[in-house]
Amino acid sequence: MAVILQLREAIGEFVRDGDTVALEGFTHLIPFAAGHEIIRQKRRGLTVIRMTPDVIYDQLIGAGCVSKIVFSWGGNPGVGSLHRLRDAIEKKWPNPIEVEEHEHAGMAAAYAAGASHLPFGVLRGYVGTDLPKHNSNVRFIDCPFTGEKLAAVPAHRPDVTVIHAQKADRKGNVMMWGVVGAQKEAVMAAKRSIVTVEEIVDDLNAPPNSVILPAWVVSAVSEVKGGAFPSYAQGYYARNNAFYKQWDNIAKERETFLQWIEEHVTGTKDFAGFKKSIEKVVAHA
Amino acid sequence: MAVILQLREAIGEFVRDGDTVALEGFTHLIPFAAGHEIIRQKRRGLTVIRMTPDVIYDQLIGAGCVSKIVFSWGGNPGVGSLHRLRDAIEKKWPNPIEVEEHEHAGMAAAYAAGASHLPFGVLRGYVGTDLPKHNSNVRFIDCPFTGEKLAAVPAHRPDVTVIHAQKADRKGNVMMWGVVGAQKEAVMAAKRSIVTVEEIVDDLNAPPNSVILPAWVVSAVSEVKGGAFPSYAQGYYARNNAFYKQWDNIAKERETFLQWIEEHVTGTKDFAGFKKSIEKVVAHA
Amino acid sequence: MPDGALEYTADEMMTISAARMLRNGASCFVGIGLPSAAANLARLTHAPDAVLIYESGCIGTKPNVLPLSIGDGELSETADTVVSIIEIFTYWLQGGRIDIGFLGAAQIDRFANINSTVIGDYDSPKTRLPGAGGAPAIAANCGEVLVTLRQNKRAFVEKLDFQTSGGHMEGGDSRERMRFPGKGPTAVITDLGIMTPDPVTKELTLTSVHQGVTVDSVVAATGWKLKVADQVSMTPRPTELELTTLRDLQARTAKAHAGQN
Amino acid sequence: MPDGALEYTADEMMTISAARMLRNGASCFVGIGLPSAAANLARLTHAPDAVLIYESGCIGTKPNVLPLSIGDGELSETADTVVSIIEIFTYWLQGGRIDIGFLGAAQIDRFANINSTVIGDYDSPKTRLPGAGGAPAIAANCGEVLVTLRQNKRAFVEKLDFQTSGGHMEGGDSRERMRFPGKGPTAVITDLGIMTPDPVTKELTLTSVHQGVTVDSVVAATGWKLKVADQVSMTPRPTELELTTLRDLQARTAKAHAGQN
């Protein structure tokens, strides 16, 4: 049953060293505020899962929180590479990280299988690609009716999934809309879950068949206004493309990266503090 | 690409003798009008698929359209048995029908597999039940990672799926809400599809993430006001429970059933005619 | 019956004692008919925070009147959200999110295995029943299962004509060995009393009889030699709140459905 | 160049000739970057009824400006509907509902197999690229695939460092034998010309060069001995409509994204 907590308390209680963590979001509603709090609380040895690791994963990796990444596309959307991810893979800085690489269709099947309490997901996938040569978690099975060969991936079962959504009500029922990615599946697949929201309201006023996560499948809900910045929250604010472009320069060098984390994340006490400190350097932050 | 047709034309063009047909609907939005038109056009040798065959399947079976039924729950909801289904199974009247019986979870997995172009669906199912003893389409596979034994069912791939929805726009984009059952999956799994709707409008005014079937995955759309009667259409009309209760007496005897079909279905030229003829015997029809 | 005590029927006692089994805050997958009446009575009395889920995809539904069908508009319009049938059976039921499954049955055996498929032979049935629906998945995946039905020798049988849903299978650890996700039936509530599985043998054991019902009459209404607990308790009478709430619910229901006739 | 002819860049020619390949009414799964520009140009010129689908779950989207990311709000707010990532990859892409897949690439070989994963060795890469994303599923499941990228010897290589997505594999019937649902790449459109697979060997063959580009220069920009058709046609110049529509789109895009900076 969801409890309404401050983000600091929620991360403190539900994200532990060595956990397998999914901070999901598909360019929309990316849980930046929660990611920063994980850095502030110095979590270590995390296995991080995400279809599209982007800037927040670059920050977690550079800050030394991550020992393994499971993903299918890693980049700075519309800009280029994730320099901290590359530095970790190519130069083992700040620590070596293990890589388990998939295609999107396989990650999607793994989340759906996890949500469905199945040990594996089946797909017509991993054909014509070298990925299976480098990933022993891709196997092939035969259809018991047609004999066709199909790919199988183990279910994702995160210890904790962290997402950002638009709204929750005071009981902790969560509602999201727009590009909803794999967030519902990631929460349903996880043992624990934290949802940050733009606002907590009296009534969700949900249209029929809305994308809802009832309070009883969520561990904690935290109100964090702007908590998806620099990504966007449909109905609240647009994507801050300037920040994504700036990140390329910040992350290129270890020194500028560490200085940035120090000044804006570990040097601030919460996301409001971060937003305040970043306004000086990014327009419309 | 959807064409907007009269229901008579749509059934005439897209439902053929010997087809595998799914008329889906889960107590809500049941395509009665389309079922009646199949009876009027005297289709024969149909394999009919449905999770919850109810009164419209009782009518199709009693009228001699059906040679096989694939289902997981067959009854008159809130009332009792389907007498025509029982007469066909128990006494082979008007013709013998083959029965392939599942549990709901298996039917759901089969529709999802069909929509996903997978040859089979996987589930934790068919355990503790005698169903597999009577259904060779239930098999068991081993998880390639954990070795766990799981059930598998072949994908449903209907030749044609027929559903009723609330709205379509003039291009043939379809929108439904409320209890949406397995209708989307049944349409996505099918080679052809017919959707009857309460009304065709200029603009669907769909909220984000609505349940939409784009025109290009639908073969034909027909406007049939009240086309789900005696079931209901959320936002349009309530379920006519009186009719469901009356059906029990109508269907109990072959003679009264044949007389009813003759008077109200084959004896009327379309669903409007049926509604008119039924008003005499059912209140609020 | 003592002076001033309320009068009530055996069916009312059955529904009320079944309702008492549903703890507040639990998520409950509800079958149509008797289970639906009991689950909603619980929600309207001691379990306001129980989350009722129907296989039509309605989650957290709060119907003001009892549904005739598993997908009535009353269920979807009062739900927290409505999902597809595919999702309700995958992410929610199989996903292990449901605490309690609430089922009815046509036949039940001593290990609370259930038949809702056919009376007589499967291929040439005496009576063809609606069939499995969601029952096998509910019986397999919910944390625990409650079963409620009227007790007589036609329903409580030595051997099921067809096993639709798994209870404690052949008893003992036979269910455990099959590695069902859920722990199976924890109580069977009838118009005569309450039976719970023996902790070891898992055989249904009469642990409570309703007011005015004798142990012998329950044994006589059972198609096998019913195991009886050393101490058989007496089911507490319906409270005034329980009885008036149930009767109001049924009155509202009759009125609403009549309104559609 | 003849009097009065429009001036344009090689990149504009590439995007315009890629756009021309998208037939009106087709459903098209669109990759970000060059494919996205080409697909939207097609929609704004000769293919108003093309259905554009992005892997973020946006179906039938009509962006007024080009997205920077695959899930921009501009895509979801102008879509016919938005579905989950799970659904877009199962019911839509794997479901066989998509006519054309539109991909970019970092490296491509003579059989139109593509690499978007890594330059150099996988375990100690020279350059780590973003990776597969939806590309392998797009290349496998769409009815046909169009690839667009700039042509030079770093991109057009004798041997891929890593095969991310399957084109015509080892050529001939090798793709067919693997029973991919889709028939694979039907054209590769670059800043220099257009290559299509030989009907039998499936080897990419230069069939058209853009205005002012020589066959030799295309061969020189290719890392293998490029096959050249007996008759190499000249790609028609951009029309004024194509060029102004593309430039207006790019101007709107720059303005909109600047507005967020």
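Residues numbered from 1 in each chain as written. Chains lettered and ligands numbered in written order. Predicted model: local features only at pLDDT ≥ 70, side-chain atom pairs only at ≥ 80, totals over all residues. Heavy atoms only, no water.

### Some points on the overall build of chain C
The secondary structure content of chain C amounts to eight helices and 14 strands. Since a compact globule built from 261 residues should have a radius of gyration of about 18 Å, the 18 Å found for chain C is in line with a globular shape. Along the longest, intermediate and shortest principal axes, the C-alpha atoms of chain C span 50 × 45 × 35 Å. Evaluated residue by residue, chain C yields a buried proportion of 62% over its 261 residues. The contacts of chain C with a sequence gap of at least 6 include a subset with a gap of at least 24, amounting to 66%. Summed over its atoms, the accessible surface of chain C is roughly 9600 Å², and 53% of this surface lies on carbon and sulfur atoms. The distance from the centre of the 23 positive side-chain charges to the centre of the 29 negative ones in chain C is 3 Å. (Helix = DSSP H or I, 4+ residues; strand = E, 2+ residues; numbered from the N terminus. Rg over C-alpha atoms; globule rule 2.2 N^0.38 Å. Buried < 20%, exposed > 50% of the residue type's maximum accessible area, 1.4 Å probe, protein only. Contact = heavy atoms within 4.5 Å. Areas by Shrake-Rupley, 256 points an atom, 1.4 Å probe, with all protein chains shown as cover. Lys, Arg positive; Asp, Glu negative; His and termini not counted. Charge placed at Lys NZ, Arg CZ, Asp CG, Glu CD.)

### A closer look at the packing of aromatic side chains
As enumerated under the stated definition, the model contains 26 aromatic pairs over all chains in all. The interplanar angle of 20° and the centroid separation of 6.2 Å between the aromatic rings of A:F243 and A:W247 together place this pair among those described as stacked. Of this pair, A:F243 and A:W247 both sit in helix α7 (residues 241-252), separated by four residues, roughly a single helical turn. Exposure remark for A:F243: the relative accessible area of 1% places this residue in the buried category. Note on A:W247: relative accessible area 1%, which makes it buried. Taken together, a centroid distance of 5.4 Å and an interplanar angle of 25° make the contact between C:Y122 and C:F162 stacked. Taken together, the residues C:Y122 in the loop between β8 (118-120) and β9 (125-128) and C:F162 in the loop between β10 (144-148) and α6 (174-177) connect sequence positions 40 residues apart. (Phe/Tyr/Trp six-rings, centres within 6.5 Å; stacked < 30°, edge-to-face > 60°.)

### As for the packing of helix α7 (residues 241-252) of chain B against helix α8 (residues 254-266) of chain B
All names here are of chain B. Look at α7 against α8: their axes get within 5 Å of each other, and the N-to-C directions meet at 120°. Comparing the axis directions of α7 and α8 gives the class oblique. Residues F243, W247, N249, I250, A251 and K252 of α7 lie in contact with α8, whose contacting residues are R254, T256, F257 and W260. Among the residues making up the contact of α7 with α8, the classes are represented as six nonpolar, two polar and two charged. (Axes fitted to C-alpha atoms, helices over the stretch in contact; angles between N-to-C directions. Parallel < 35°, antiparallel > 145°, perpendicular 65-115°, else oblique. Nonpolar A, V, L, I, M, F, W, Y, C, P; charged D, E, K, R; others polar.)

### Quick word on the pattern of salt bridges
Inspection of every chain in the model, using the stated rule, returns 50 salt bridges over all chains. Of the charged contacts in the structure, one is a salt bridge between C:D80 and C:K62, with a shortest N-O distance of 2.9 Å. Separated by 18 residues along the polypeptide, C:D80 in the loop between α3 (73-77) and β4 (81-82) and C:K62 in the loop between β3 (58-59) and α3 bring together distant segments of the chain. Using a relative accessible area of 31% as the deciding quantity, one classes C:D80 as partly exposed. Taking the relative accessible area as the measure of exposure, C:K62 reaches 38% and is therefore partly exposed. The salt bridge involving D:E12 is made with D:R247; its shortest N-O contact spans 2.8 Å. Here D:E12, found in helix α1 (residues 10-20), pairs with D:R247, found in helix α8 (residues 240-259); they are 235 residues apart in sequence, far enough to count as distant. (Salt bridge = Lys/Arg side-chain N within 4 Å of Asp/Glu carboxyl O.)

### Thoughts on α8(B)
All names here are of chain B. The terminal C-alpha atoms of α8 lie 16 Å apart, and with 13 residues this falls more than 12% below the ideal 18 Å at 1.5 Å per residue. When we look at burial in α8, the residues that qualify are F257, W260, I261, H264 and V265. For α8, the angular spread of buried residues about the axis comes to 100°, placing them on one side. Exposed and facing more than 90 degrees away from the buried side of α8 are E255, Q259 and E262. Looking at the buried residues of α8, the elements they touch are α2 (32-40), α3 (55-62), α4 (83-91), α7 and α9 (271-279). (Expected span 1.5 Å × (residues − 1). Arc of directions from axis to C-beta.)

### A word on the environment of B:P77
Residue placement: B:P77 occurs in the loop between β4 (66-71) and α4. Overall, the relative accessible area of 8% leaves B:P77 in the buried class. Setting aside anything within four residues of it in sequence, one finds B:P77 in contact with B:D54, B:R239, B:Y244, C:L68 and C:S69.

### So, the environment of D:E158
Residue and element names in this part refer to chain D. By secondary structure assignment, the location of E158 is in the loop between β10 (144-148) and α6 (174-177). Spatially, the C-alpha atom of E158 lies 14 Å from that of I119, the residues being 39 residues apart in sequence. When near neighbours in sequence (up to four residues on either side) are disregarded, E158 contacts D109, R110, G223 and W224. Separated by 2.9 Å, the side chains of E158 and R110 make a polar contact. (Polar contact = N/O pair within 3.5 Å; in protein donor to acceptor, adjacent residues only side chain to side chain.)

### Description of the interface of chain C and chain B
At the interface, 47 residues of chain C touch 46 residues of chain B. Summing both partners gives a buried area of about 3700 Å² for chain C against chain B, and 59% of it is carried by carbon and sulfur. Along the contact surface separating chain C from chain B lie one salt bridge. In this structure, the connection of chain C to chain B is made through 21 residue pairs in polar contact (both at pLDDT 80 or more). Within the residue set of the side of chain C that touches chain B, elements represented by two or more residues are α3, α4 (85-94), β9, α5 (135-141) and α8 (240-259) of chain C. In the side of chain C that touches chain B, the residues fall into 19 nonpolar, 21 polar and seven charged. (Buried area = accessible area lost by both parts, 1.4 Å probe.)

### Description of the sheet that holds strand β2 (residues 51-54) of chain D
Residue and element names in this part refer to chain D. Read across the sheet, 10 strands follow the order β4-β3-β2-β1-β5-β10-β11-β12-β13-β14 without closing on themselves; strand pairing throughout is mixed. The open sheet terminates on both sides in strands that have one partner only, identified here as β4 (81-82) and β14 (227-234). Against the sheet, α1 contacts β5 (100-103), β10, β11 (185-189) and β12 (193-197), and its axis sits at roughly 160° relative to β11. (Pairing = 2+ DSSP bridges.)

### Remarks on the interface of chain A and chain D
Taken residue by residue, the interface counts 46 residues in chain A and 47 residues in chain D. Summing the contributions of chain A and of chain D, the shared interface buries around 3700 Å²; its carbon and sulfur component is 59%. Viewed at the interface, chain D and chain A are joined by one salt bridge. In this structure, A:E101 engages D:R128 in a salt bridge whose closest nitrogen and oxygen atoms are separated by 2.4 Å. Counting every contact that joins chain A to chain D gives 22 residue pairs in polar contact (both at pLDDT 80 or more).

### Concerning the packing of α2(B) against α8(B)
Residue and element names in this part refer to chain B. Axis separation between α2 and α8 bottoms out at 10 Å; the angle between their running directions is 105°. Relative to α8, the element α2 is oriented roughly perpendicular. When α2 is examined against α8, the residues H36, I39 and R40 are found in contact with a partner set consisting of W260, I261, H264, V265 and T266.

### A look at the environment of B:R50
Residue and element names in this part refer to chain B. The residue R50 is located in strand β3 (residues 46-50) in this model. Since its relative accessible area comes to 0%, R50 is described here as buried. A C-alpha to C-alpha distance of 22 Å links R50 and I250, two positions 200 residues apart in sequence. For R50, the contacting residues outside a window of four places in its chain are L23, E24, G25, I30, I56, Y57, V70, F71, S72, M107 and Y111. Separated by 3.2 Å, the side chain of R50 and the backbone oxygen of T52 make a polar contact.

### What to know about the side chain of B:S116
As for its placement among the helices and strands, B:S116 is situated in the loop between α5 (104-115) and β6 (120-123). Among the polar contacts made by the side chain of B:S116, one reaches the main-chain carbonyl oxygen of B:A112 at a distance of 2.7 Å. Among all residues touching B:S116, those that are not within four sequence positions of it are D:T90, D:Y91, D:Q94 and D:G95.

### Digging into unusual backbone geometry
For residues other than glycine, phi is negative in most cases, and the peptide bonds are mostly trans. Residue A:P230 follows A:F229 across a cis peptide bond; omega there is 5°. Following the sequence through the fold, A:P230 ends up in the loop between β13 (220-223) and α7. Looking along the chain, the bond that leaves B:W93 and enters B:P94 is cis, with omega of 0°. For B:K42, which is not a glycine, the phi torsion comes out positive at approximately 55°. With respect to the element layout, B:K42 can be found in the loop between α2 and β3.

### A word on the pairing of β11(D)
Residue and element names in this part refer to chain D. Most of β11 is tucked away, with four of its five residues classed as buried. Pairing of β10 with β11, which is carried by four bridges, proceeds in the parallel orientation. Among the inter-strand pairings, L146 is bridged to a residue of β11, identified as A187. Across two bridges, the pairing between β11 and β12 is antiparallel. Its bridge partner lying in β12, I189 is registered against I194. Counting the residues in the hairpin turn of β11 and β12 gives three residues.

### A word on the confidence of the model for chain C
The predicted model of chain C averages 95 in pLDDT, with 97% of residues at 70 or higher. Interface confidence in the predicted complex, given as ipTM, is 0.97; pTM for the same model is 0.97. (pLDDT = per-residue confidence, 0-100.)

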